[in-house]
Amino acid sequence: MTLRLYDTATRSVRDFVPREAGKVGVYLCGLTLQAPPHIGHLRSGVNYDVLRRWLMAAGYEVTFIRNLTDIDDKILVKAGEQGRPFWSIAYANELLLAQSYRSLNVLPPTYEPRATGHIPEMHELITKLIADGHAYPASDGSGDVYFDVASWPAYGSLSGQSPDAMQSAGDAPDRGKRDPRDFALWKGAKPDEPADAYWPSPWGLGRPGWHIECSAMCWRYLGPEFDIHGGGLDLTFPHHENEIAQSKAAGLPFARYWVHHGLLSIGGAKMGKSAGNALGLAYVDSLGVRPVELRYYYAAAHYRSVIDYSEDSLRDAATAYRRIEGFVQRAAERVGAGQLGELPAGFVAAMNDDLNTSAALAVLQQHIRDGNTALSAGDDVTVRTTLAVVRAMLDILGIDPLDPAWTGGGPSDDLRAVVDSLIALALEQRAQARGRKDWAAADAVRDQLKLAGVVVEDTPQGPRWTIGEQD
């Protein structure tokens, strides 16, 4: 079965056919680095990581580009408010973002370019657009350069908007524009902006507009035409609309598929710093929810759906994942971790159907039910084959409990060894109490462990313990 993806440009689910057999180029709009990432931002990383893993599982060689916007109006405002260099703010948030993605087991991109590293490519594109009559320097002496929306009849096709109904681009004063809808490609240096926030250009000192950076970086790393352009639905207009216009007007065929993910809202409103409702990974940790459980929360919903965040829904997802984890751990204790198995046909069909992770997880859950039945029956052959299949599915979603990304390393392994030893000692004391039929003492040990968050389960193979609430 062929992978089918919803393409925003055609408003249809299309068979995915790469530009070059066996290879896929993907560009994902990354973050503007004016503030630390919140869990709404991080959904994007997980959604496209699942897409990337599925493409790799299908045998494609994937070049995955995720950019960083490290110069922007919002960052300059923060620099003024905090009295810090703009690049200091951007870099600090870049490090936090990278740490957050590592915590969520998001594979590192092939390249992660910064806007400030691609000024020459932007100048080349802008120069061509001016020469071809699609852009012009502002008439007010500001040093701004604008894209001429009226020169591109297809403008609005991605978002389905009529140019006649559009309002001002709002990214610069209208006084230097021929048309209020025209958007900035280059912004001339302003007296009230940081003195180091500009570069020389053919039009005077200045800095890039927001949209031109992505066209330049797509061109630089993926060539004139590439396969998939991704980003949040909120970027469809104006950002992606503007990318298409300036890229195609410059003669670049650009993206073949536009794949947009739904947003994470809270109380029906978009999550964001400006709205005062941004929640970070530290908040999730304070709820006792681990990064792997947050990743499951993202993956359980279809990537195009809106997730309306609540603590209850996040906790429910964590509980659901712990049941999955419990089977994997019990099975691995019984028959060993083994190797990843073949993906079931139902799972493959679901993932090929526009990455229908909800349907894919239904297939996973059926296999876990079968595996639990086999565990109860002592059917080790079925346990072993089921575990291999379950782990293969979890690996595609990036949530295999036995993946080294989740089992950790270094100091955390040392701590785990200490905890293992202490709990083993407590369980030995409990076993001795049960052996002498001192049930009160045995129950007291169990209850003390439960208060510490350790749940003891008696099995035919002996007691086993897990962290979390018992189902």
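For every chain, the first residue of the written sequence is number 1, and numbering continues from 1 onward in sequence order. Restriction of local features to residues with pLDDT of at least 70 applies here, the model being predicted, together with a cutoff of 80 or more for giving and counting side-chain atom pairs; totals for whole chains, interfaces and linings are based on all residues. Computation of side-chain values: all heavy atoms of the structure, hydrogens and water removed.

- The protein has the name Cysteine--tRNA ligase in an unreviewed UniProt entry, where Micromonospora parva is given as its organism.
- UniProt positions are given in the numbering used here, feature names are shortened, and annotations may be inferred rather than shown by experiment. In its Sequence similarities (unreviewed entry) section, the UniProt entry covering the protein states "Belongs to the class-I aminoacyl-tRNA synthetase family."
- Here the protein is described in UniProt, under the heading Catalytic activity (unreviewed entry), as follows: "tRNA(Cys) + L-cysteine + ATP = L-cysteinyl-tRNA(Cys) + AMP + diphosphate".

Some details on the overall build of the protein
Inference 1: Assigned secondary structure in the protein consists of 15 helices and 15 strands.
Inference 2: Overall, the C-alpha framework of the protein stretches about 95 × 50 × 35 Å when taken along its three principal axes.
Inference 3: Type-normalised accessible area, obtained with a 1.4 Å probe on protein chains alone, sets the label of each residue: buried when under 20%, exposed when over 50%, and partly exposed for intermediate values. The proportion of buried residues among the 471 residues of the protein is 48%.
Inference 4: Two residues qualify as a contact provided that any one of their heavy atoms is within 4.5 Å of a heavy atom in the partner residue. Taking the intrachain contacts of the protein between residues at least 6 apart in sequence as the baseline, contacts between residues at least 24 apart amount to 74%.
Inference 5: Computed with the Shrake-Rupley method and a 1.4 Å probe, the accessible areas treat only the protein chains shown as cover for residues. Accessible surface computed for the protein: about 21,000 Å², of which carbon and sulfur atoms make up 53%.
Inference 6: Between the mean site of the 46 positive side-chain charges and the mean site of the 59 negative ones, the protein shows a separation of 3 Å. Counting from the N terminus, the helices are the DSSP runs of H or I reaching at least four residues and the strands are the DSSP runs of E reaching at least two. By the counting rule applied here, Lys and Arg register as positive and Asp and Glu as negative, while His and the ends of each chain are not counted. A single reference atom marks each charge: NZ on Lys, CZ on Arg, CG on Asp, CD on Glu.

Re the nonpolar core
Inference 1: By convention a nonpolar core is built from buried Ala, Val, Leu, Ile, Met, Phe, Trp, Tyr and Cys residues, the set being connected through side-chain atoms within 4.5 Å. Ranked by size, the top nonpolar core spans 74 residues in total, and within it Ile39, Leu55, Ile228, Leu294, Tyr297, Tyr298 and Met351 carry the most contacts.
Inference 2: Per element, the largest residue contribution to this core is 11 residues, and it comes from helix 9 (residues 311–335).
Inference 3: When sequence neighbours within four positions are dropped, the list of residues in contact with Ile228 reads Leu5, Phe16, Val24, Gly25, Val26, Tyr27, Leu51, Leu55, Tyr257 and Val259.
Inference 4: If you look at the next biggest cluster of nonpolar residues, it comprises 45 residues, including Met166, Trp186, Trp203 and Cys214.

As for the pattern of salt bridges
Inference 1: Just to be clear on terms, a salt bridge is a Lys or Arg side-chain nitrogen sitting within 4 Å of an Asp or Glu carboxyl oxygen. Applying the stated criterion across every chain yields a total of 30 salt bridges.
Inference 2: The salt bridge involving Glu94 is made with Arg114; its shortest N-O contact spans 2.8 Å. In this pair, Glu94 is assigned in helix 3 (residues 86–103) and Arg114 in the loop between helix 3 and helix 4 (119–131), connecting sequence segments 20 residues apart.
Inference 3: Take Arg114: its relative accessible area is 36%, and that puts it in the partly exposed class.
Inference 4: Across the pair Arg181 and Asp179 runs a salt bridge, and its minimum N-O distance is 2.6 Å. Grouping residues by exposure puts Arg181 and Asp179 together as buried.

Structural notes on helix 8 (residues 291–300)
Helical geometry: 3.6 residues make up each α-helical turn, so side chains three or four residues apart lie on a common side.
Inference 1: Within helix 8, eight of the 10 residues are buried, leaving the element largely enclosed by the surrounding structure.
Inference 2: Among the residues of helix 8, those classed as buried are Val292, Glu293, Leu294, Arg295, Tyr296, Tyr297, Tyr298 and Ala299.

Quick notes on the sheet that holds strand 11 (residues 264–266)
Working definition: the strands of a sheet are paired by backbone hydrogen bonds and lie parallel or antiparallel to each other.
Inference 1: Reading across the sheet, the three strands line up as 12-11-13 and stay open at both edges, with mixed pairing between neighbours. The open sheet is flanked by strand 12 (269–270) and strand 13 (307–309), the only strands paired with a single partner.
Inference 2: Between any two strands, pairing holds if DSSP finds at least two bridges. Summarising the sheet, strand 11 and strand 13 pair through three bridges and their orientation is parallel. Note on strand 13: the bridge partner recorded for Ile266 is Tyr309.
Inference 3: Where helices are involved, their axes are fitted lines through C-alpha atoms of the stretch in contact, as for all axes, and angles between N-to-C directions lie from 0 to 180°. Those strands touched by helix 8 are strand 11 and strand 13, and its axis lies near 140 degrees from that of strand 13.

Topic: the UniProt feature "binding site: Zn(2+)" (unreviewed entry) in the protein
Inference 1: The positions UniProt marks with the feature "binding site: Zn(2+)" (unreviewed entry) are Cys29, Cys214, His239 and Glu243. These annotated residues cover 215 residues of sequence, but their C-alpha atoms sit close together, with the largest distance between any two at 11.1 Å.
Inference 2: Mapped onto the elements of the fold, Cys214 is located in helix 5 (residues 210–222).
Inference 3: In contact with Cys214, not counting residues within four places along its chain, are Tyr27, Cys29, Asn67, His239 and Glu243.
Inference 4: What makes His239 buried here is its relative accessible area of 1%.
Inference 5: Ignoring any residue separated from it by four or fewer positions in sequence, one finds His239 in contact with Cys29, Trp210, His211 and Cys214.

What about the packing of helix 9 against helix 12 (residues 380–397)?
Inference 1: Look at helix 9 against helix 12: their axes get within 10 Å of each other, and the N-to-C directions meet at 135 degrees. Classified by the interaxial angle, the pair formed by helix 9 and helix 12 is oblique. In terms of crossing hand, the pair formed by helix 9 and helix 12 is left-handed. Between helix 9 and helix 12, the residues in contact are Ile324, Phe327, Val328, Ala331, Ala332, Arg334 and Val335 and Asp380, Val383, Arg384, Thr386, Leu387, Val390 and Leu394, respectively.
Inference 2: Its residues assigned to classes, the contact of helix 9 with helix 12 shows 10 nonpolar, one polar and three charged. Angle categories are assigned with fixed cut-offs, so that under 35 degrees is roughly parallel, over 145 is roughly antiparallel, 65 to 115 is roughly perpendicular, and the rest are oblique. The handedness criterion is simple: a crossing whose near helix is rotated anticlockwise from the far helix by less than a right angle is left-handed, and one whose near helix is rotated clockwise is right-handed. Each residue gets one of three labels, nonpolar for Ala, Val, Leu, Ile, Met, Phe, Trp, Tyr, Cys and Pro, charged for Asp, Glu, Lys and Arg, and polar for the others, Gly among them.

Concerning the side chain of His260
Inference 1: With respect to the helices, strands and loops of the structure, His260 is situated in strand 10 (residues 254–261).
Inference 2: Taking relative accessible area as the criterion, His260 reaches 2% and is therefore assigned buried.
Inference 3: Pairs of N or O atoms are called polar contacts if they sit within 3.5 Å, as long as, within protein, a hydrogen donor faces a hydrogen acceptor (for residues adjacent in sequence, only side-chain-to-side-chain pairs). Among the polar contacts made by the side chain of His260, one reaches the side chain of Thr236 at a distance of 3.5 Å.
Inference 4: Reaching out from His260, the side chain makes a polar contact with the side chain of His240 at a distance of 2.8 Å.
Inference 5: Residues in contact with His260, not counting those within four places in the same chain, are Thr8, Tyr48, Gly231, Gly232, Leu233, Thr236, His240, Tyr303 and Arg304.

A short note on the environment of Glu121
Inference 1: With respect to the helices and strands, Glu121 occurs in helix 4.
Inference 2: Owing to a relative accessible area of 15%, Glu121 belongs among the buried residues under this scheme.
Inference 3: For the pair Glu121 and Ala189, spaced 68 residues apart in sequence, the C-alpha to C-alpha distance is 19 Å.
Inference 4: Leaving out residues up to four positions away in the same chain, Glu121 has contacts with Ala216, Trp219 and Arg220.

Some words on the sheet that holds strand 7 (residues 183–188)
Inference 1: The strand order 5-6-7-8 describes an open sheet built from four strands, whose pairing is antiparallel. On the outer flanks of this sheet lie strand 5 (135–137) and strand 8 (206–208), each paired with one strand and no other. With direction set aside, neighbouring strand axes in the sheet form an average angle of 20 degrees.
Inference 2: One ladder, built from three bridges, connects strand 7 with strand 8; its direction is antiparallel. Each residue of the ladder has a partner; that of Trp186, found in strand 8, is Pro208.
Inference 3: Where helix 4 meets the sheet, its contacts fall on strand 5, strand 6 (145–147), strand 7 and strand 8, and the angle it forms with strand 7 comes to roughly 120 degrees.

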